[in-house]
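One-letter residues, chain by chain:
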Amino acid sequence: MKIGMICYPSHGGSGVVATELGKELAKRGHVVHFISYQLPFRLNSFHQNVFYHEVAMLSYPLFKYPPYTLALVNTIAELAEREQLDILHAHYAIPHSFCAHLAREVLAGREVRVVTTLHGTDITLVGSDPSFKRITRYSIDKSDGVTAVSQSLRAETEQTFAPRQEIRTIYNFINTKNVYRLPDARRVVGCPEQNCKVLVHISNFRPVKRLHDVVQIFARVRRAMPARLLLVGDGVERRSTQALVDKLGLQQDVCFLGTQDNVIPILSAADLFLLPSEKESFGLGALEAMACGVPVIASSAGGIPEVVVHGETGYLAAVGDVEAMSAYAVNLLKDEEKLQQLRTAARRRVEDFFDSELIVPQYEAFYRELRER
Ligand code: GMT
């Protein structure tokens, strides 16, 4: 099949999932065209059957807000016609799904199926905002097929939008042949002492990630044992998080690593991954951690319980319950045997339920089904 993949290029989970899906489909012989305003960061090397098309924007003094979405529609329409695309797969409803529909309108008559994958905040925060709600519902209903990355997101979409369209859950995935715990990683990230526990959090530092809870959990762990916290990512919460670290006197133990393209060496050094989010449709960072044999301490928000099994691959508590999450962390880190058990179970869960070999064929089958309808 010939597939147009429309996604964000930046370090968010939706762009990562779109890019990894495109690469996996290309390996299986499909031709994949990525469309974005910048090269998706995981597409930084050559892959057979993969092409990238940057949306060209005309700058003109009249435009206070340059109409990127219209330029995107134009690029999609041109490409769909020139490459005779079979599928337009929009990752994240706003604006990608709507743009794919408009492009199909522009193409009038060309047979191309539009698939929308809902990733989370496109439903829970952005898409449900009154400023976008009507076009989000329209985008869902007009799609030939819609997927959500967890049962929780599917249910929330149904509740919020009451769509006419059926929504299918297709979980996010990892190629476990490429993502695994690297040896000697603690030395690489500068934490060679085995008795010093390493905790990691990765996100885009938005309020929904509750960075202050991450620091508060770590502060309690640090009181109980030697430990370091590695914070990966950047965003609006960075300054206030740094201020909290300073206030708690944790500067020596908390390391802000900034945005990182390759998180595997960092995760490979970790004893625990922290994800106390307010909302989280899936938690791709947690899945990557588990693939590297790292148990997860998280909130039970959204789709997290579908990824992290409480007591088996990590521990979950109510959003904001810093005391419970830190107690789970301290108890686990003090019990080497239990920690090892959870490490093994975390990796096994990814292999058994979220490997690309299991999930990518579900997308292929879905595309095929939509083409035959
Ligand atoms: O909010 C983010 O973490 C970024 C957002 C995105 O734009 O990619 O992530 C969402 O999609 C990811 C990939 O499907 C999911 O793993 C994240 O859980 C989801 N984020 C939220 O629901 C907050």
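Residues numbered from 1 in each chain as written. Predicted model: local features only at pLDDT ≥ 70, side-chain atom pairs only at ≥ 80, totals over all residues. Heavy atoms only, no water.

## Remarks on the nonpolar core
Of all hydrophobic cores here, the largest spans 69 residues; its most connected members are Met5, Val200, Phe273 and Tyr367. Both domains that furnish three or more residues to this core are identified here as domain 1 (2–173 + 355–371) and domain 2 (185–353). Ignoring any residue separated from it by four or fewer positions in sequence, one finds Tyr367 in contact with Met1, Ile3, Met5, Leu21, Leu25, Ile87, His89 and Val115. The next biggest cluster of nonpolar side chains, apart from the first, holds 31 residues, and it includes Ala219, Leu274, Tyr315 and Val322. (Core = buried A, V, L, I, M, F, W, Y, C linked by side-chain atoms within 4.5 Å. Buried < 20%, exposed > 50% of the residue type's maximum accessible area, 1.4 Å probe, protein only. Domains from an automatic or database assignment. Contact = heavy atoms within 4.5 Å.)

## Quick word on the domain arrangement of the chain
Domain parsing of the chain yields domain 1 (2–173 + 355–371) and domain 2 (185–353). Once you take the C-alpha centre of each, domain 1 and domain 2 turn out to be 30 Å apart. Facing the 23 residues of domain 1 at the interface are 18 residues of domain 2. Counting across the interface, domain 1 meets domain 2 through one salt bridge. Of all elements in the fold, only α1 (13–27), α4 (121–124), α6 (151–161) and α15 (356–372) reach the threshold of two or more residues within the side of domain 1 that touches domain 2. With four residues, α6 is the largest single contributor of residues to the side of domain 1 that touches domain 2. Its residues placed into classes, the side of domain 1 that touches domain 2 shows 10 nonpolar, 10 polar and three charged. (Salt bridge = Lys/Arg side-chain N within 4 Å of Asp/Glu carboxyl O. Helix = DSSP H or I, 4+ residues; strand = E, 2+ residues; numbered from the N terminus. Nonpolar A, V, L, I, M, F, W, Y, C, P; charged D, E, K, R; others polar.)

## Brief notes about the packing of aromatic side chains
Per the stated rule, a full pass over the model turns up eight aromatic pairs. Summarising the aromatic geometry, the rings of Phe98 and Tyr138 are spaced 5.7 Å apart at their centres and angled 65° between planes, so their arrangement reads as edge-to-face. Of this pair, Phe98 sits in helix α3 (residues 93–107) while Tyr138 sits in helix α5 (residues 133–142), and the two are 40 residues apart along the sequence. The class of Tyr138 is partly exposed, set by a relative accessible area of 36%. Both rings, one in Phe282 and one in Phe354, keep their centres 5.8 Å apart while their planes meet at 80°; by these two values the pair is edge-to-face. One end of the pair, Phe282, is in the loop between β11 (272–275) and α11 (284–291); the other, Phe354, is in the loop between α14 (336–353) and α15, and 72 residues separate them in sequence. For Phe282, a relative accessible area of 2% corresponds to the buried category. With a relative accessible area of 1%, Phe354 lands in the buried category. By the ring-pair criterion, three or more aromatic residues cluster together here, those being Tyr171, Phe282 and Phe354. Over the ring of Phe161 we find Lys133, and its NZ or CZ is 5.9 Å from the ring centre. (Phe/Tyr/Trp six-rings, centres within 6.5 Å; stacked < 30°, edge-to-face > 60°. Lys NZ or Arg CZ within 6 Å of the ring centre and 35° of its normal.)

## Comments concerning the sheet that holds strand β13 (residues 314–317)
Ordered by their spatial adjacency, six strands build an open sheet running β10-β9-β8-β11-β12-β13, and the pairing between neighbours is parallel. At either end of the open sheet lies a strand with only one pairing partner, and these are β10 (254–258) and β13. Here the strands of the sheet are splayed against their neighbours by 20° on average, with no regard to which way each runs. Bridge count between strand β9 (residues 227–232) and β10: four bridges; the pairing is parallel. By the bridge assignment for β10, Val232 is matched with Gly258. (Pairing = 2+ DSSP bridges. Axes fitted to C-alpha atoms, helices over the stretch in contact; angles between N-to-C directions.)

## Brief notes about unusual backbone geometry
Trans peptide bonds make up the majority, and among non-glycine residues the majority have a negative phi. Cis peptide bonds are those with omega within 30 degrees of zero, and the linkage from Ile94 to Pro95 qualifies with -10°. Summarising the element assignment, Pro95 is placed in helix α3. We note that Gln84 has phi near 55°; this positive angle belongs to a residue other than glycine. Phi at Ala162 takes a positive value of approximately 40°, unusual for a residue other than glycine. Within the secondary structure layout, Ala162 lies in the loop between α6 and β7 (167–169). Residue classification places Ala162 among the exposed residues on the basis of a relative accessible area of 60%.

## A closer look at the site of the ligand
Residues in contact with the ligand amount to 18 residues; listed here are only the nearest, Ser14, His119, Arg206, Lys209 and Glu280. At 2.3 Å, a side-chain N or O of Arg206 approaches an oxygen atom of the ligand. One of the backbone N or O atoms of Phe282 is found 3.1 Å from an oxygen atom in the ligand. For the ligand, whose unbound accessible area comes to 480 Å², protein coverage reaches 93%. (Near = heavy atom within 4 Å. Polar contact = N/O pair within 3.5 Å; in protein donor to acceptor, adjacent residues only side chain to side chain. Areas by Shrake-Rupley, 256 points an atom, 1.4 Å probe, with all protein chains shown as cover.)

## Some words on empty space enclosed by the protein
Inspection of every chain in the model, using the stated rule, returns one cavity of 30 Å³ or more. Considered as a void within the structure, the largest cavity measures approximately 50 Å³ in volume. Around the largest cavity, the lining residues are Asp144, Gly145, Val146, Gln165, Glu166, Ile167, Arg168, Phe366 and Arg373. Those elements that place two or more of their residues in the lining of the largest cavity are β6 (145–148) and β7. (1 Å grid on protein atoms, 1.4 Å probe; cavity = no way out; pocket = protein on both sides within 12 Å on 5 of 7 lines; lining within 4 Å. Points joined across faces, edges and corners; volume = space filled by probe spheres on them.)

## Digging into the pattern of salt bridges
Scanning the entire structure with this criterion turns up 27 salt bridges. Put simply, Glu158 and Arg154 hold a salt bridge, and the shortest N to O gap is 3.2 Å. Of this pair, Glu158 and Arg154 both sit in helix α6, four residues apart, which is roughly one turn of that helix. Look at Glu158 and you get partly exposed, because its relative accessible area is 34%. By relative accessible area, Arg154 is classed as partly exposed at 24%.

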